[in-house]
Amino acid sequence: GAIHCFFHTFKNKKNAPALILKTSGATYSVVDRIEIESRIEQIKDLFPNTKLPSIYLLHGDLTNEEMNALYNHPKIKAMISFTKAEGFGRPLLEFSSIGKPIIAPYYSGQTDFLKQEFICELPGQLTPICKSAQNEFLIKNAKWFSVNYKYASQMLNDVIKNYKKWRELAKRQRYFSRSNFTKQQISKVYK
């Protein structure tokens, strides 16, 4: 959904941003990487005769230093997450400490550390889990969060157009994260 929304939002645009997709499927194997590349190509095929923005796939495990360098790279302007509420969302917490805009749902685990007023919130609704995704953990009749793609597209454009505003809010989120979620602060909570 995020890839399709990104393509749809920035298709045929001059100076379109690029998307760095940090992901994996079940493993970090070559087969897994090829499967993800194949899925990206399937989505591209939905836009025939269209100039699409670039997507760069980062697949596999990165060290803490590599992730930090990625988050802090000057060409990285924001984090986009269309999380379906899979849990805590550690990458969102890590990125929140950088001071760059976060475009994500305000739902589930990340509400523990993201301040709604400091992020570019993506609304959506709870929808039934796809039958193909059901397993022993994602059970029948369970629901997950589905982003409103039309609104997400508008917000992607808004963050680019009003980057200074979103960057200021992200700095406030950074202060909140660094004040409340350091190793020392969490240790105090546990004590």
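Data block above holds the structure.
All of these numbers come straight from a predicted model, not from anything done at the bench. (Residues numbered from 1 in each chain as written. Predicted model: local features only at pLDDT ≥ 70, side-chain atom pairs only at ≥ 80, totals over all residues. Heavy atoms only, no water.)

Q: Describe the overall build of the protein, with residues and values.
A: Check the secondary structure of the protein and you find seven helices and seven strands. N-terminal to C-terminal, the α/β element order of the protein is α-β-α-β-α-β-α-β-β-β-β-α-α-α. Split into buried and exposed, the 191 residues of the protein put 32% on the buried side. By element, 53% of the accessible surface of the protein is carried by carbon and sulfur atoms, the whole surface being about 12,400 Å². Treating the 29 positive side-chain charges of the protein as one cloud and the 16 negative ones as another, the clouds have centres 8 Å apart. (Helix = DSSP H or I, 4+ residues; strand = E, 2+ residues; numbered from the N terminus. Buried < 20%, exposed > 50% of the residue type's maximum accessible area, 1.4 Å probe, protein only. Areas by Shrake-Rupley, 256 points an atom, 1.4 Å probe, with all protein chains shown as cover. Lys, Arg positive; Asp, Glu negative; His and termini not counted. Charge placed at Lys NZ, Arg CZ, Asp CG, Glu CD.)

Q: If you had to explain the sheet that holds strand β4 (residues 102-104) to someone new, which residues and values would you point to?
A: Pairing within the open sheet is parallel, and its three strands lie in the order β3-β4-β5. The two strands at the open ends of the sheet, each matched to only one other strand, are β3 (79-80) and β5 (120-121). In this sheet, β4 lies alongside β3 in parallel orientation, the contact comprising two bridges. When the bridges of β4 are listed, methionine 79 appears paired with isoleucine 102. (Pairing = 2+ DSSP bridges.)

Q: Give me the lowdown on the pattern of salt bridges, citing residues and values where you can.
A: Under the definition given, this model contains five salt bridges. With its nearest N and O atoms 3.6 Å apart, the salt bridge here joins lysine 171 to glutamate 168. Residue lysine 171 and its partner glutamate 168 are located together in helix α6 (residues 163-180), separated by three residues, close to a single helical turn. Taking relative accessible area as the criterion, glutamate 168 reaches 45% and is therefore assigned partly exposed. (Salt bridge = Lys/Arg side-chain N within 4 Å of Asp/Glu carboxyl O.)

Q: Describe the packing of aromatic side chains, listing the residues and the values that go with them.
A: Scanning all chains against the criterion turns up seven aromatic pairs. Relative to phenylalanine 145, the ring of tyrosine 107 lies with its centre 5.1 Å away and its plane at 20°, an arrangement referred to as stacked. In this pair, tyrosine 107 is assigned in the loop between β4 and β5 and phenylalanine 145 in strand β7 (residues 143-147), connecting sequence segments 38 residues apart. By relative accessible area, tyrosine 107 is classed as partly exposed at 32%. What links up through ring pairs into an aromatic cluster is the set Phe113, Phe176 and Phe181. One residue, lysine 115, lies across the ring of phenylalanine 176, its end atom 4.9 Å from the ring centre. (Phe/Tyr/Trp six-rings, centres within 6.5 Å; stacked < 30°, edge-to-face > 60°. Lys NZ or Arg CZ within 6 Å of the ring centre and 35° of its normal.)

Q: Break down the pairing of β7 for me, citing the residues and quoting the values.
A: A large share of β7 lies buried, amounting to four of its five residues. The sheet contact formed by strand β6 (residues 124-128) and β7 spans five bridges and is antiparallel. Residue leucine 126 lies in a different strand from β7, and its bridge partner there is phenylalanine 145.

Q: Pulling in residues and values, what's your account of the side chain of serine 177?
A: As for its position among the elements, serine 177 is in helix α6. A polar contact is formed between the side chain of serine 177 and the side chain of serine 96, at a distance of 2.6 Å. If we skip the residues at most four places from it in the chain, serine 177 touches Leu93, Ser96, Phe113 and Thr182. (Polar contact = N/O pair within 3.5 Å; in protein donor to acceptor, adjacent residues only side chain to side chain. Contact = heavy atoms within 4.5 Å.)

Q: Can you break down helix α1 (residues 2-10) residue by residue, with the values?
A: All of the buried residues along α1 are Ile3, Cys5, Phe6, Phe7, Thr9 and Phe10. As for α1, its buried residues are in contact with β1 (19-23), α2 (30-44), β2 (55-59) and α5 (149-161). A positive backbone phi angle near 60° is found at asparagine 12, which sits one or two residues after α1.

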